[in-house]
Amino acid sequence: MSDGIDVGRLDEIDEGTARVIEPEESGFDEPIAVFHTETGCVFALDDTCTHEEASLAEGWIEGDTVECPLHSSSFDLRTGRVLCLPATQSARTHKVEVADGRVVLYPGVDAEDAARVGE
Ligand code: FES
């Protein structure tokens, strides 16, 4: 299992937004989007939409889903599952934890569940 990396303070990611962790920061081969939802959860998915080149971090986060800003496919942040066309492939998830107010990301480790703020 890969080691977790500290990607910053959770309060630096406003609720309902996401931050992109670039490969040079994570050592992973793709940018990863870390989402902080208004329901108080933190999730991480590959940032690039599985349909074309769009950043999911720039999409609309609603509950535990994100809608791609380019053609409006939406993805379940919990599982990465694609919920509507035109994308047909699910997004890869990454494990993320919150410890002492800091976000710890495990690039390449499938998420089992959301990190809840305060746990
Ligand atoms: S690029 Fe995301 S749905 Fe087309």
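Just above sits the structure.
Calculation rules
- Residues numbered from 1 in each chain as written.
- Predicted model: local features only at pLDDT ≥ 70, side-chain atom pairs only at ≥ 80, totals over all residues.
- Heavy atoms only, no water.
- Phe/Tyr/Trp six-rings, centres within 6.5 Å; stacked < 30°, edge-to-face > 60°.
- Lys NZ or Arg CZ within 6 Å of the ring centre and 35° of its normal.
- Buried < 20%, exposed > 50% of the residue type's maximum accessible area, 1.4 Å probe, protein only.
- Helix = DSSP H or I, 4+ residues; strand = E, 2+ residues; numbered from the N terminus.
- Pairing = 2+ DSSP bridges.

Draft legend 1. Summary view of the packing of aromatic side chains. Within the structure shown, the criterion is met by zero aromatic pairs. Positioned above the aromatic ring of tyrosine 106, the side-chain terminus of lysine 95 is 4.6 Å from the ring centre.

Draft legend 2. Representation of the pairing of strand E9 (residues 102-106). Of all five residues making up E9, four are buried, and the element is well covered by its neighbours. The pairing of strand E1 (residues 5-9) with E9 spans three bridges and is antiparallel. Looking at E9, one finds that arginine 9 is bridged to arginine 102. As judged from the five bridges shared by strand E8 (residues 93-99) and E9, these two strands associate in the antiparallel manner. When the bridges of E9 are listed, lysine 95 appears paired with tyrosine 106. Between E8 and E9, which pair antiparallel in sequence order, lie two residues; one of them, aspartate 100, sits at a positive phi of approximately 50°.

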